[in-house]
Amino acid sequence: MIKLGVMCSGRGTDLQSIIDAIADGKLDAQIAIVLTDKPNVMALERAERAGLKFACVDRKQCADQMTFEAKLITELRAAEVDLVILAGFMRILSPTFVRAYKDRIMNIHPSLLPAFPGAHAHRDVIEYGVKVSGCTVHFVDEGTDSGPIIAQVAVPVLEGDDEESLAARVLEQEHIIYPKAIQLYVEGRLQIDGRHVRILSE
Ligand code: GAR
């Protein structure tokens, strides 16, 4: 069984969608550990409630990024994680971390990449005035929100939307596509070919 290491920074609703998909038999994987970069976040409560192993590697208690990432990697290795899942993890990972889990890190981003990368996608979408946004699941490479795309769903931006209303509409779709994308990985159906991720048929 594929072991997931899920890394979060906050509320953890994407984490919850993965927990629920496993419980519902839609995702054939095991969450080996949940890691956060901050203490006292909802994601840790969700992990505890689900009976999962969890740990906080507090970035603020680490002298530098290298120390922080070394601790994350120690936790992931101890839990024998096969696939790292970034689920609302709001920190950039260095090339050293990315190389340690090459082609084995997935992220979900709340826009249609390559449009609106970065930490404030919904704000940027609304400011720009686009009519369609959405979410993207991708493999993580050494850039920011730039890795090969696995799945995307478009979501309309409605008249009068603010960051909160748009985020809520996009999140509904995130909670559907992220577990599905992970299941494709579990089934060995994702083949990375340069920038392209081919989805092999069953
Ligand atoms: C989600 O919308 C996710 O796409 C986004 O943070 C939110 C986390 O929500 N991730 C990023 O912006 C990554 N750059 P959650 O804590 O409720 O899962």
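Before any of the text, the structure's been laid out above.
Anyway, here's the lowdown on the structure attached to this text.

Focus: the overall build of the protein chain
1) Next: What the protein chain contains, in helices and strands, is six helices and nine strands.
2) Next: Over its C-alpha atoms, taken along the principal directions, the protein chain stretches across nearly 45 × 45 × 35 Å.
3) Next: Taken across its 202 residues, the protein chain has 47% of its residues classed as buried.
4) Next: If you take every contact in the protein chain between residues at least 6 apart in sequence, the share linking residues at least 24 apart comes to 61%.
5) Next: Accessible surface, the protein chain: about 10,200 Å² in total, of which carbon and sulfur atoms supply 51%.
6) Next: Averaging the locations of the 22 positively and 29 negatively charged side chains of the protein chain gives two centres separated by 3 Å.

Notes on the site of the ligand
1) Next: Around the ligand, the surrounding shell consists of R11, G12, T13, D14, G88, M90, I108, H109, P110, G118, L171 and E174.
2) Next: Between the ligand and G12 there is a distance of 2.8 Å, counted from an oxygen atom to a backbone nitrogen or oxygen.
3) Next: Contact between the ligand and D14: an oxygen atom at 2.8 Å from a main-chain N or O atom of the residue.
4) Next: Secondary-structure elements contributing two or more residues to the shell around the ligand are α1 (13-23), β5 (105-109) and α6 (163-186).
5) Next: The class makeup of the residues in the shell around the ligand is four nonpolar, five polar and three charged.

Overview of the pairing of β5
For a regular strand, the rule is simple: side chains alternate between the two faces of the sheet.
1) Next: Burial analysis of β5 places five of its five residues in the buried class, which makes it a mostly covered element.
2) Next: Of the two faces of β5, the one carrying I105, N107 and H109 and the one carrying M106 and I108 are both buried.
3) Next: Where strand β4 (residues 83-86) and β5 come together, three bridges link them in parallel fashion. When the bridges of β5 are listed, I85 appears paired with M106.

Concerning α6
Structurally, the α-helix is built with 3.6 residues per turn, so residues lying three or four positions apart point the same way.
1) Next: If you check α6, its first and last C-alpha atoms are 33 Å apart, about what 24 residues at 1.5 Å a residue would give, namely 34 Å.
2) Next: At E174, α6 is bent by approximately 25°, the largest bend along its length.
3) Next: What α6 keeps buried is the set L166, V170, L171, E174, I177, Y178, P179, A181, I182, Q183, L184 and Y185.
4) Next: At the C-terminal side of α6, G188 shows a positive phi close to 70°.

A short note on the pattern of salt bridges
Any two side chains of opposite charge can pair, on the condition that their charged atoms come close.
1) Next: The final tally for this structure, using the stated rule, is eight salt bridges.
2) Next: When the shortest N-O distance is used, the salt bridge between K3 and E80 registers 3.2 Å. Here E80 lies in the loop between α3 (65-78) and β4 and K3 lies in strand β1 (residues 2-8), a separation of 77 residues in the sequence.
3) Next: A relative accessible area of 52% means that E80 is categorised as exposed.
4) Next: Note that D161 is salt-bridged to R169, the shortest N-O span being 2.8 Å.

Focus: a negative patch on the surface
1) Next: Judged by side-chain charge, E127, D162, E163 and E164 come together as a negatively charged surface patch.
2) Next: By secondary structure assignment, the location of D162 is in the loop between β7 (149-156) and α6.

Reading guide: rules and limits
Residues numbered from 1 in each chain as written. Predicted model: local features only at pLDDT ≥ 70, side-chain atom pairs only at ≥ 80, totals over all residues. Heavy atoms only, no water. Helix = DSSP H or I, 4+ residues; strand = E, 2+ residues; numbered from the N terminus. Buried < 20%, exposed > 50% of the residue type's maximum accessible area, 1.4 Å probe, protein only. Contact = heavy atoms within 4.5 Å. Areas by Shrake-Rupley, 256 points an atom, 1.4 Å probe, with all protein chains shown as cover. Lys, Arg positive; Asp, Glu negative; His and termini not counted. Charge placed at Lys NZ, Arg CZ, Asp CG, Glu CD. Near = heavy atom within 4 Å. Polar contact = N/O pair within 3.5 Å; in protein donor to acceptor, adjacent residues only side chain to side chain. Nonpolar A, V, L, I, M, F, W, Y, C, P; charged D, E, K, R; others polar. Pairing = 2+ DSSP bridges. Expected span 1.5 Å × (residues − 1). Bend = angle between axes of the 7 residues up to and from the residue. Salt bridge = Lys/Arg side-chain N within 4 Å of Asp/Glu carboxyl O. Patch = residues over 30% accessible without salt bridge, like charges linked within 9 Å, V, L, I, M, F, W, Y side chains within 5 Å.

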